[in-house]
Amino acid sequence: ATDEPRDASDIYCEACYCSPDSRCFVYARHLPPGQAAVQQFVACEFGTWEKAVVGETDYPGAATMAKGRFYYLRSGPGGERQLVRLDLARRQERVLPLPPGLPLSGGPAVSPDEQYLACFEARSFSPQMFAINLVELRTGRVLPLHQDPYICNPHHQFEPSEGRFLMVQHNRGCEFAADGTLRKLVGREGATLFFI
């Protein structure tokens, strides 16, 4: 399915990007440098392996799935961040409003009821500190959930039934230089997962 000469990700089903009817799955295909978008989201049909681009983004690693709906971030015509909800069965998209000034360094996770957005924030590299914030989408209120020097690559996702728990990856021993350059993604302690 991903035999083209471009790099692809999200093909290992850590977070399952499948349509509710299990007809297709979505993976991210990285685009060559110099383009406005950095990756495309490609829907691939099981069995026929036919592919169709269903979205493009200039935010790498910015996708999530909840209740059969695929979400991703992109820049709008005026440069504003947009949260796009894609119905994989109908291939229809809708832009959901995002509060202005949202502290967001990476991809979002949307709760199954679309009331909350969990987002990652790189707060500081000297000292090294990262955070997970919870955003109430209706009010725009940002609630700090957790901060830690080792959640640089959180892969955060809501549990899919009720969305009461958020799973976060903990890259214990990761190191960054003061300018934000990655020195080590994970230390000898290894990575683990925890719930908020």
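Residues numbered from 1 in each chain as written. Predicted model: local features only at pLDDT ≥ 70, side-chain atom pairs only at ≥ 80, totals over all residues. Heavy atoms only, no water.

**Topic: the sheet that holds strand β14 (residues 166-171)**
Argument step 1. In spatial order, the strands read β13-β14-β17; together these three strands make up an open sheet with antiparallel pairing. Here the strands that pair on one side only, and so sit at the sheet edges, are β13 (157-158) and β17 (191-195).
Argument step 2. Both β14 and β17 contribute to a ladder of five bridges, which runs antiparallel. Note on β17: the bridge partner recorded for His170 is Thr192. (Pairing = 2+ DSSP bridges. Helix = DSSP H or I, 4+ residues; strand = E, 2+ residues; numbered from the N terminus.)

**Here's the deal with the state of the cysteines**
Argument step 1. In total, this model carries zero disulfides according to the counting rule given.
Argument step 2. Here Cys152 is not cross-linked by a disulfide; its sulfur's nearest cysteine counterpart is in Cys174, at 3.5 Å.
Argument step 3. Given the relative accessible area of 2%, Cys174 is considered buried. (Disulfide = S-S within 2.5 Å. Buried < 20%, exposed > 50% of the residue type's maximum accessible area, 1.4 Å probe, protein only.)

**Notes on the environment of Phe194**
Argument step 1. Note that Phe194 resides in strand β17.
Argument step 2. Each C-alpha atom of the pair Phe194 and Thr2 lies 31 Å from the other, and the pair is 192 residues apart in sequence.
Argument step 3. Look past the residues within four positions of Phe194 in its chain and what remains in contact with it is His146, Ile151, Leu166, Met167, Val168 and His170. (Contact = heavy atoms within 4.5 Å.)

**A word on the sheet that holds strand β10 (residues 116-125)**
Argument step 1. If you trace the four strands from one edge of the open sheet to the other, you get β9-β10-β11-β12, paired in antiparallel fashion. Of all the strands in the sheet, just β9 (108-110) and β12 (142-148) have a single pairing partner and so form its edges. Strand-to-strand twist in this sheet, taken as the mean axis angle between neighbours without regard to direction, amounts to 25 degrees.
Argument step 2. Two elements, β10 and strand β11 (residues 128-136), share nine bridges in a ladder whose sense is antiparallel. Paired with Ala122 across the bridge in β11 is Phe130. (Axes fitted to C-alpha atoms, helices over the stretch in contact; angles between N-to-C directions.)

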